[in-house]
Amino acid sequence: MTSLTIRRPDDWHLHLRDGAMLAGVLPYTSRHFARAIIMPNLVPPVVTTVDARAYRDRILAAMPESHSFEPLMTLYLTEGTSPDDVEEGAKSGLITAVKLYPAGATTNSQSGVRNFENAMPVLERMARIGLPLCVHGEVTTPEVDIFDREAVFIETVLDPLRRRLPELRITMEHVTTKDGVDYIDQSETNLAGSITTHHLIINRNNILVGGIRPHYYCLPVAKREYHRQALRRAATTGNPKFFLGTDSAPHVDPLKECACGCAGCFTSINTLSCLAHVFEEEQALDRLEAFASLNGPAWYGLAPNAEKITLVKRDAPVEFPTRVETGDGPVTVFDPIFKSHWDVEG
Ligand code: NCD
Ligand code: ZN
């Protein structure tokens, strides 16, 4: 196959940041993707519908005029979040989901949830109105090894929450383990999972062997090869419970290349090229559309996009810049290690 036409994709987990960074990175998403779920972990975070509306306006103002792109807004769940505000935001169509960060789990998660009891009134309201909860599925207990944090989260937080509130629709975001894949796969209702581009490509050796590579460091951290293989199977077999959430998370290079570097891989610019390469390797190009363009909207109760995009396989590898310049400074582009020949036409 040398050309593949699919419905325009959506990104179900994206960090756009704000200000000069937003202006610098947004066009890489909006030129190919029709919609994206926008993460609310700004400083300060997007916690109320008023915050979300203002952030949405800033995103739309930063968008190139020739692009059409719909930011799907989320609220950052805190222990003080008002159920009424969440319901109003959902009913007005502004809010697509609420995001749960366990406090301390990742970049800008200090205001996240420490005591789940305090978040129950909001979660109960969300269950009642059918508003999905997007979950960063890692425990933050210092004793738990960082490579086990997802599996322990499933056992000690996610499963008990699902038993207590079975009507709550939950997206387990950026799944990184076979434990996560199996848990989602075996669930009967109200659970789905997003998978990033980079977790289909790198394992923990890529971060740590032959020198430490900060641009492969993200959270949840990439796990061992066996887990990457499970993610590949989940993404490429057409299972409707799994869909693309790139978790493209730009940080300027000085904040990545230092003694205590930030977590995040910047993939929005080459995600579709990388995914086509991965799906071709798995002899699953015919299932890329399900993963990138169909399963996500179905889960979020939205129609798939009507427009199409075409991916073409070029004779020569497609070149992407090593880094892009933003008004805040340079951001290194995710290096997939391979050279993809797949390009988006137009
Ligand atoms: C994200 C960020 O930088 O905001 N980083 C990351 O490694 N994915 C936060 C997150 O989604 O965990
Ligand atoms: Zn993220």
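(A) Broad picture of the packing of aromatic side chains. Under the counting rule described, the total for this entry stands at seven aromatic pairs. Taken together, a centroid distance of 6.4 Å and an interplanar angle of 75° make the contact between Trp12 and Phe243 edge-to-face. Taken as a pair, Trp12 in strand β2 (residues 10–14) and Phe243 in strand β9 (residues 242–244) lie far apart in primary sequence, 231 residues in all. Judged by centre distance (6.2 Å) and plane angle (75°), the rings of Tyr28 and Phe266 are edge-to-face.

(B) Structural detail: the state of the cysteines. Counted under the stated rule, the structure contains zero disulfides. Not part of a disulfide, Cys218 finds its nearest cysteine sulfur in Cys265, a span of 4.3 Å. For Cys218, a relative accessible area of 2% corresponds to the buried category. Here Cys258 is not disulfide-linked; the sulfur of Cys262 is the nearest cysteine sulfur, at 6.6 Å. With a relative accessible area of 39%, Cys258 lands in the partly exposed category.

(C) Fine view of the site of ligand 1. Taken together, 15 residues lie around ligand 1, and Asn41, Thr106, Leu219, Asp247 and His251 are the ones closest in. Here Arg17 contributes a side-chain N or O atom positioned 2.8 Å from an oxygen atom of ligand 1. Take Thr106: an N or O atom from its side chain is 2.7 Å from an oxygen atom of ligand 1. In the complex, 100% of the free accessible area of ligand 1, which totals 320 Å², lies under the protein chains.

(D) Spotlight on the nonpolar core. Within the largest apolar cluster, 90 residues are counted, with the highest numbers of intra-cluster contacts made by Leu123 and Leu133. In terms of residue count, helix α10 (residues 271–281) provides more of this core than any other element does, six residues in total. Counting residues in hydrophobic clusters, the runner-up holds twelve residues, among them Trp12, Met39, Cys134 and Trp299.

(E) Quick peek at the sheet that holds strand β10 (residues 308–313). What the three strands build is an open sheet, ordered β1-β10-β13; its pairing is antiparallel. Looking at strand neighbours, the two that pair on one side only are β1 (3–7) and β13 (342–344), the edges of this open sheet. In this sheet, neighbouring strand axes are inclined to one another by 25° on average, regardless of whether the strands run parallel or antiparallel. Here five bridges tie β1 to β10, and the two strands are oriented antiparallel to one another. By the bridge assignment for β10, Arg7 is matched with Lys308. Where α10 meets the sheet, it contacts β10 and β13, and its direction lies at approximately 140° from that of β13. Together, β1 and β10 form the strand contacts of helix α11 (residues 288–300), whose direction differs from that of β1 by roughly 25°.

Procedures and definitions
- Residues numbered from 1 in each chain as written.
- Chains lettered and ligands numbered in written order.
- Predicted model: local features only at pLDDT ≥ 70, side-chain atom pairs only at ≥ 80, totals over all residues.
- Heavy atoms only, no water.
- Phe/Tyr/Trp six-rings, centres within 6.5 Å; stacked < 30°, edge-to-face > 60°.
- Helix = DSSP H or I, 4+ residues; strand = E, 2+ residues; numbered from the N terminus.
- Disulfide = S-S within 2.5 Å.
- Buried < 20%, exposed > 50% of the residue type's maximum accessible area, 1.4 Å probe, protein only.
- Near = heavy atom within 4 Å.
- Polar contact = N/O pair within 3.5 Å; in protein donor to acceptor, adjacent residues only side chain to side chain.
- Areas by Shrake-Rupley, 256 points an atom, 1.4 Å probe, with all protein chains shown as cover.
- Core = buried A, V, L, I, M, F, W, Y, C linked by side-chain atoms within 4.5 Å.
- Pairing = 2+ DSSP bridges.
- Axes fitted to C-alpha atoms, helices over the stretch in contact; angles between N-to-C directions.
- Contact = heavy atoms within 4.5 Å.

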